[in-house]
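# Examining the three-dimensional arrangement
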Amino acid sequence: MERTQEIYVSDHQNIEANLTGLEEMNTTMEIESSSAPQSKNYKKWLRISIYVFFVLACQALSTILGRLYYENGGKSTRMGTLVQLIGFPVLFLFRFFSRNKNLKSTDTNIRQFSSFTTLGSVYLVTGLLVSANSYMSSVGLIYLPVSTFSLILASQLAFTAFFSYFLNSQKFTPFIVNSLFLLTISSALLVVNTESQNTAKVSRVKYVIGIICTIGASAGIGLLLSLVQLILRKVLKKNTFSTVTDLVAYQSFVASCVVLIGLFASGEWKTLTSEMENYKLGKAPYIMTLTSIAISWQVYTIGVVGLIFESSSVFSNSITAVGLPIVPVVAVIVFHDKMNSPKIFSIILAIWGFISFVYQHYLDEKKLKTSHTSPVGGPLLPVEEGHTNIQSV
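This text gives an overview of the structure that appears in the document. (Residues numbered from 1 in each chain as written. Predicted model: local features only at pLDDT ≥ 70, side-chain atom pairs only at ≥ 80, totals over all residues. Heavy atoms only, no water.)

Okay, the pattern of salt bridges next. Taken as a whole, this structure holds three salt bridges when the rule is applied. Arg 95 is the partner of Asp 246 in a salt bridge, and the nearest nitrogen-oxygen pair spans 2.9 Å. Taken together, the residues Asp 246 in helix H11 (residues 241–265) and Arg 95 in helix H3 (residues 89–97) connect sequence positions 151 residues apart. Judged by its relative accessible area of 19%, Arg 95 falls in the buried class. (Salt bridge = Lys/Arg side-chain N within 4 Å of Asp/Glu carboxyl O. Helix = DSSP H or I, 4+ residues; strand = E, 2+ residues; numbered from the N terminus. Buried < 20%, exposed > 50% of the residue type's maximum accessible area, 1.4 Å probe, protein only.)

In structure tokens:
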């Protein structure tokens, strides 16, 4: 009898030990499974933080360096345009090293849906538009103070909403209308307040030309963003990593070719040697300035494309909008731009308009995610980003 009890107790202890071991194993597996998504989420936000830094830092840096080039003896607007575009091979490297992580199986059959003629037409049209925008931007930057140039260029958000209304059925919500009104008033204050601007280095005619070209560049950027959104949705019918990266890279390639043709056809290339020799900071800083502009523009573009696929195109567009008011502040520090009452008021209105714009797109994305959610208790469905604006320049 005692022997039977010993066996029973021993078996009972073995069962308890096995159950305890199973519980510990399950607990370990749960910890490991929960830590894996946390680690993945941490890496994702680290990448997003890096891309945000790229956008905010390089957006301001490229504009400041562009003005530095003109401020110290640079006179070629076509060279100032070319350096914005010529760094496009960096995008192919970015695409190559990001291929394994971002490329989906649907990326490989993109050409089944888009013929060579269709792709060529898309790259040609958007490339021509990019070259025109970049050239007008260079003309505006050479004739206007950086702070004035940046604030007028910020109206691209208003133009984006305007063109999206016609091309992409963008709805004019109260926040969008408020943003349009504020950004329009912000730019108008600088346009009509020419007497208080620092125009000693340029004639009044050139100053007006600078304003017109900057407004034209702003409108062109808004048209480009809306057009790219339409192309991805209706023509290419793809919004994948390789599609967007190829579109940005090849349109920059086309734009670079157009600018190079203009540079040689106008004979402006003949003045580049003397321009480098007479550059106030020296020959080496001349080359370094142009190289830095090219690199900063492409790093900015990498940041924009990276944010689109790590988060969303709305978030990318919002970060770009948030970065626009940084440039006027930096310009006042670096170039001692005159900061008068109308310009301060213009900056306040612009920031208010940016906040209104960003908040509306935050609501749009929240609504989009909700619409792709199944009934209560069901799994989340994937959210497509093809319905939002894509910042591609």
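After that view, the rundown keeps rolling.
Tracing the sequence through the fold places Thr 240 in the loop between helix H10 (204–235) and H11. Residue classification places Thr 240 among the buried residues on the basis of a relative accessible area of 10%. Distance in space between the C-alpha atoms of Thr 240 and Phe 309 is 8.2 Å, their sequence separation being 69 residues.

This part takes up helix H15 (residues 326–335). Regarding H15, the residues found buried are Val 327, Pro 328, Ala 331 and Phe 335. All buried residues of H15 fall inside an arc of 95° around its axis, so they share one side. Positive backbone phi, at 55°, marks His 336, one or two positions downstream of H15. (Arc of directions from axis to C-beta.)

Attention now moves to the packing of aromatic side chains. A full pass over the atoms with the stated rule returns 16 aromatic pairs. Residues Trp 297 and Tyr 300 carry aromatic rings whose centres are separated by 5.8 Å and whose planes lie at 85° to one another, so their mutual orientation is edge-to-face. With Trp 297 and Tyr 300 both in helix H13 (residues 283–310), this residue pair falls three residues apart, about one helical turn. Tyr 300 sits in the buried class, given a relative accessible area of 3%. (Phe/Tyr/Trp six-rings, centres within 6.5 Å; stacked < 30°, edge-to-face > 60°.)

Looking now at a nonpolar patch on the surface. There is a patch of nonpolar side chains on the surface, built from Phe 162, Tyr 165, Phe 166, Phe 172 and Val 177 and spanning about 500 Å² of accessible area. Of all the elements, helix H8 (residues 156–167) adds the most residues to the nonpolar patch, at three residues. For Phe 166, the location among the structural elements is in helix H8. (Patch = residues over 30% accessible without salt bridge, like charges linked within 9 Å, V, L, I, M, F, W, Y side chains within 5 Å. Areas by Shrake-Rupley, 256 points an atom, 1.4 Å probe, with all protein chains shown as cover.)

Let us now look at the packing of H11 against H13. The N-to-C vectors of H11 and H13 enclose an angle of 160°; their axes lie 11 Å apart at closest approach. Comparing the axis directions of H11 and H13 gives the class roughly antiparallel. Between H11 and H13 the crossing geometry is right-handed. Contacts between H11 and H13 involve Phe 241, Val 244, Thr 245 and Val 248 from the former and Thr 301, Val 305 and Phe 309 from the latter. Classifying every residue of the contact of H11 with H13 gives five nonpolar, two polar and no charged. (Axes fitted to C-alpha atoms, helices over the stretch in contact; angles between N-to-C directions. Parallel < 35°, antiparallel > 145°, perpendicular 65-115°, else oblique. Left-handed = near helix turned anticlockwise from the far one by under 90°. Contact = heavy atoms within 4.5 Å. Nonpolar A, V, L, I, M, F, W, Y, C, P; charged D, E, K, R; others polar.)

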